[in-house]
Amino acid sequence: MNKVFHWLIYYIKCGVNILYSYINNYNFIEQVEPNQEINNQKQRMEKIDKYLYKVHVEGSYYEMGKQYGKAMRRVLEKDVKIFIQFLKNNNDLYQRKIIEKYKKQTIFGSLLSYYEDNKKYFNPDIIEFTKGVSEGSAIEYNKLLYANLFPDITDNHCILVSKIIENKRMNLRTFDLGCPQVTHSLIVFNPKISENNSTNNTKIHPNKYISLNASIVFGVVTGISEKNIFFGETYYDETLGELNYNGMPFHHISHEILKSCNNLEDADTILEKCNRTSNLQLMLSQKQNARIYFSCVDNLILDQNKENVESVTPNEQGNFKKNLHYLNSIENVIKEFIPRTKSGELHIMVSYDNKIYVSVTSDILQSYNNTFYEFSLDELFENHQKHKT
């Protein structure tokens with residue numbers, strides 16, 4: 001009964017938002033001021049609205065996880081409880097997405113089976129971050145693990161666009177994924193790596209970068225670095241090869257790209273060596289250029305490498321092409337193009353002119369119909385700021 005009720009409410013909410021989008025060209029843009037200082041220290045966590053928090057973390061990945069867990073403990077407790085119940089109610093649905101060699105009696109057992117077989121491939125930074133979150137929040141590690149393995153068995157259908165508007169690059173990423181209503185976090189990572197712990201592939205002074213995701217999911221599916229490298233991923237609707245879960249998930253690889261790369265050529269080097277195979281499209285962009293890759297079972301294909309690139313699912317092609325003419329200013333992108341394309345049931349990020357614009361789904365309005373919060377990248381990446389826990 002809980003399962004039926006959840007999906008009934010979900011599809012009613014989707015239907016209401018589709019109807020509302022036909023009359024909505026009033027998406028507000030609300031500028032977010034820098035964190036207030038208390039005793040000359042900026043606050044580590046800031047509540048932007050009921051379903052969006054901004055959190056600054058710094059140090060090793062374990063230290064950053066611990067800071068995040070401590071600052072967001074109450075939010076994480078609530079969201080983990082919601083998510084675990086969601087998986088219990090939809091055990092049969094998601095068990096069907098698990099390949100046979102990992103399938104156990106419950107979805108939780110299946111996810112752990114997948115993890116044990118593949119953890120050797122995972123980004124150790126994200127494992128350490130998750131352990132830190134568990135320590136800081138006093139939430140059981142496996143409960144956080146379930147949420148972070150969940151994206152690997154789902155098909156997220158999204159829009160990715162990178163386009164030059166008035167001589168400046170605009171990046172747009174909408175995120176569609178059927179899951180329960182949880183809080184989102186805009187995490188500003190400031191990794192600190194000692195010279196003794198660095199490797200040949202890791203800079204001693206890594207880049208700061210931002211991730212927008214559900215509060216309990218720590219991979220980067222939507223992000224941008226201080227080098228203005230933008231990352232987004234989406235599921236590819238046409239089968240490129242047999243789905244294979246072996247290797248490092250791309251939402252783990254994206255951390256390494258944003259942390260380590262100064263340009264798209266650096267990112268190419270990382271992607272060429274990656275061992276993950278799945279049906280995904282990846283978008284990477286910087287000021288001068290943008291790229292979309294196909295990831296398939298055999299190799300990584302550079303599909304688009306030009307000034308303007310896009311990835312749109314077949315179901316959204318009609319709305320997308322019909323409203324392309326609105327991609328001519330940041331105001332029209334947010335107030336006209338996004339609601340008319342009706343994509344972004346979970347979250348949306350737009351970057352333009354050294355700012356990002358973020359919208360997340362709330363109780364009634366999905367992100368494509370909701371307020372967009374404007375953040376200055378200079379302020380988010382501000383150097384040498386001490387944050388109060």
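Residue positions are given per chain, counted from 1 along the sequence in the order it is written. Confidence filtering applies because this is a predicted model: local features only for residues at pLDDT of at least 70, side-chain atom pairs given and counted only at 80 or more, and all residues used for totals across whole chains, interfaces and linings. Calculated side-chain values reflect all of the structure's heavy atoms, with hydrogen atoms and water omitted.

**What to know about the overall build of the protein**
Numbering of helices and strands runs from the N terminus, with a helix taken as a DSSP run of H or I at least four residues long and a strand as a DSSP run of E at least two residues long. Each helix and strand counted, the protein has 12 helices and 19 strands in total. In this scheme, a residue with accessible area under 20% of its type's maximum is buried, one over 50% is exposed, and one in between is partly exposed, where area comes from a 1.4 Å probe on protein chains only. Buried residues in the protein amount to 57% of all 389 residues. Taking contacts inside the protein between residues at least 6 apart in sequence as the whole, the part at least 24 apart equals 66%. On the protein, roughly 17200 Å² of surface is accessible, and the fraction owed to carbon and sulfur atoms is 47%. Contacts are residue-level and defined by heavy atoms, with any inter-residue pair within 4.5 Å sufficient. Each accessible area is a Shrake-Rupley result for a 1.4 Å probe, and residues are judged covered by the shown protein chains and nothing else.

**Focus on the environment of Tyr373**
If you trace the backbone, Tyr373 turns up in strand 18 (residues 372-376). Once the C-alpha coordinates of Tyr373 and Gln31 are considered, the two residues, 342 residues apart in sequence, prove to be 5.8 Å apart. Beyond its immediate stretch of four places on either side in the chain, Tyr373 contacts Glu30, Val32, Ile48, Asp49, Leu52, Ile356, Tyr357 and Val358. Two N or O atoms form a polar contact when they lie within 3.5 Å of each other; inside protein one atom must be a possible hydrogen donor and the other a possible acceptor, and for residues adjacent in sequence the pair counts only when both atoms belong to side chains. Among the polar contacts made by the side chain of Tyr373, one reaches the side chain of Asp49 at a distance of 3.0 Å.

**Describing the sheet that holds strand 5 (residues 52-59)**
In short, DSSP must find at least two bridges between two strands for them to pair. Here nine strands make up an open sheet; going across it, the order is 4-5-8-9-10-11-12-13-14 and the pairing mixed. Of all strands in the sheet, those with a lone pairing partner are strand 4 (45-49) and strand 14 (300-306), marking the two edges. Taking the axes of each pair of neighbouring strands and ignoring which way they run, one obtains an average angle of 20° across the sheet. The pairing of strand 11 (residues 230-235) with strand 12 (residues 280-285) spans six bridges and is classified as antiparallel. Its bridge partner being in strand 12, Tyr235 is matched across the sheet by Leu280. Lines fitted to C-alpha atoms define the axes here, with helix axes fitted over just the stretch in contact, and angles between the N-to-C directions of these axes take values from 0 to 180 degrees. Packing of helix 8 (residues 250-260) onto the sheet brings it into contact with strand 8 (184-191), strand 9 (209-214), strand 10 (222-225), strand 11, strand 12, strand 13 (290-295) and strand 14, and relative to strand 11 it is tilted by some 165°.

**With respect to helix 3 (residues 73-89)**
Working rule for helices: expected span equals 1.5 Å times residues minus one. Taking 1.5 Å per residue, 17 residues should reach 24 Å; helix 3 reaches 24 Å between its end C-alpha atoms and fits that length. Listed as buried for helix 3 are Val75, Leu76, Asp79, Val80, Phe83, Ile84, Phe86 and Leu87. End-on, the buried residues of helix 3 take up no more than an arc of 155°, which puts them together on one face. Every exposed residue of helix 3 that faces more than 90 degrees away from the buried side is listed here: Arg74, Lys81 and Lys88. Throughout, the arc means the angular range of directions from the helix axis out to the C-beta atoms.

**Focus on the side chain of Ser367**
Within the fold, Ser367 resides in the loop between strand 17 (355-360) and strand 18. Relative accessible area serves as the criterion here: at 0%, Ser367 is assigned to the buried category. Every residue in contact with Ser367, bar those within four places of it in the chain, is listed here: Gly344, Glu345, Leu346, His347, Ile348, Ser359, Val360, Thr361 and Phe372.

**Considerations on helix 8**
Counting buried positions along helix 8 yields 11 of 11 residues, so the element is predominantly enclosed. For helix 8, the complete set of buried residues consists of Phe250, His251, His252, Ile253, Ser254, His255, Glu256, Ile257, Leu258, Lys259 and Ser260.

**Topic: the sheet that holds strand 7 (residues 168-175)**
The strands making up a sheet associate through hydrogen bonds between their backbones, and the pairing can be parallel or antiparallel. Spatially, the seven strands line up as an open sheet ordered 1-18-17-16-7-6-15, and their pairing is mixed. Strands with a single pairing partner mark the edges of an open sheet, and in this sheet they are strand 1 (29-31) and strand 15 (309-311). Within this sheet the neighbouring strands show an average axis-to-axis angle of 20°, counted without direction. The sheet contact formed by strand 6 (residues 159-165) and strand 7 spans seven bridges and is antiparallel. Paired with Ser162 across the two strands is Asn171, which belongs to strand 7. Sheet strands in contact with helix 11 (residues 330-341) are strand 1, strand 6, strand 7, strand 16 (347-352), strand 17 and strand 18, and its direction is about 150° off that of strand 16.

**Re a nonpolar patch on the surface**
A surface patch of nonpolar side chains, amounting to about 580 Å² of accessible area, comprises Phe5, Leu8, Ile9, Ile12, Val16 and Ile364. One can find Val16 in helix 1 (residues 2-21). For Val16, a relative accessible area of 42% translates into the label partly exposed. Patch definition: residues with relative accessible area over 30% and no salt bridge; like charges joined within 9 Å; nonpolar side chains (Val, Leu, Ile, Met, Phe, Trp, Tyr) joined within 5 Å. When a carboxyl oxygen of Asp or Glu lies within 4 Å of a side-chain nitrogen of Lys or Arg, that pair is called a salt bridge.

**Overview of the environment of Asp79**
Mapped onto the fold, Asp79 is located in helix 3. Once the C-alpha coordinates of Asp79 and Ser215 are considered, the two residues, 136 residues apart in sequence, prove to be 7.4 Å apart. A distance of 3.1 Å separates a polar atom in the side chain of Asp79 from the backbone nitrogen of Thr183.

**A few points about empty space enclosed by the protein**
Throughout, the protein atoms alone are placed on a 1 Å grid, and a set of points is a cavity if a 1.4 Å probe fits but cannot get out or a pocket if it is open with protein on both sides within 12 Å along at least five of seven lines; lining residues have an atom within 4 Å of a point. Grid points are joined across faces, edges and corners, and a volume is the space filled by probe spheres set on the points. Counted according to the given criterion, the structure contains three cavities of 30 Å³ or more. As for the largest cavity, its lining consists of 15 residues, and the residues nearest its centre are Phe150, Leu177, Cys179, Ala214 and Val217. Here the second largest cavity defines a volume of roughly 70 Å³. For the second largest cavity, the full set of lining residues is Phe122, Ile126, Ile127, Thr130, Tyr141, Leu145, Asn148, Leu149, Asp152, Pro249, His251 and His252. Going through the elements one at a time, helix 6 (124-137), helix 7 (141-149) and helix 8 are the ones with two or more residues in the lining of the second largest cavity. When grouped by side-chain class, the residues that make up the lining of the second largest cavity number seven nonpolar, four polar and one charged. Following the grouping adopted for this structure description, the nonpolar residues are Ala, Val, Leu, Ile, Met, Phe, Trp, Tyr, Cys and Pro, the charged ones are Asp, Glu, Lys and Arg, and the polar ones are all others, Gly among them.

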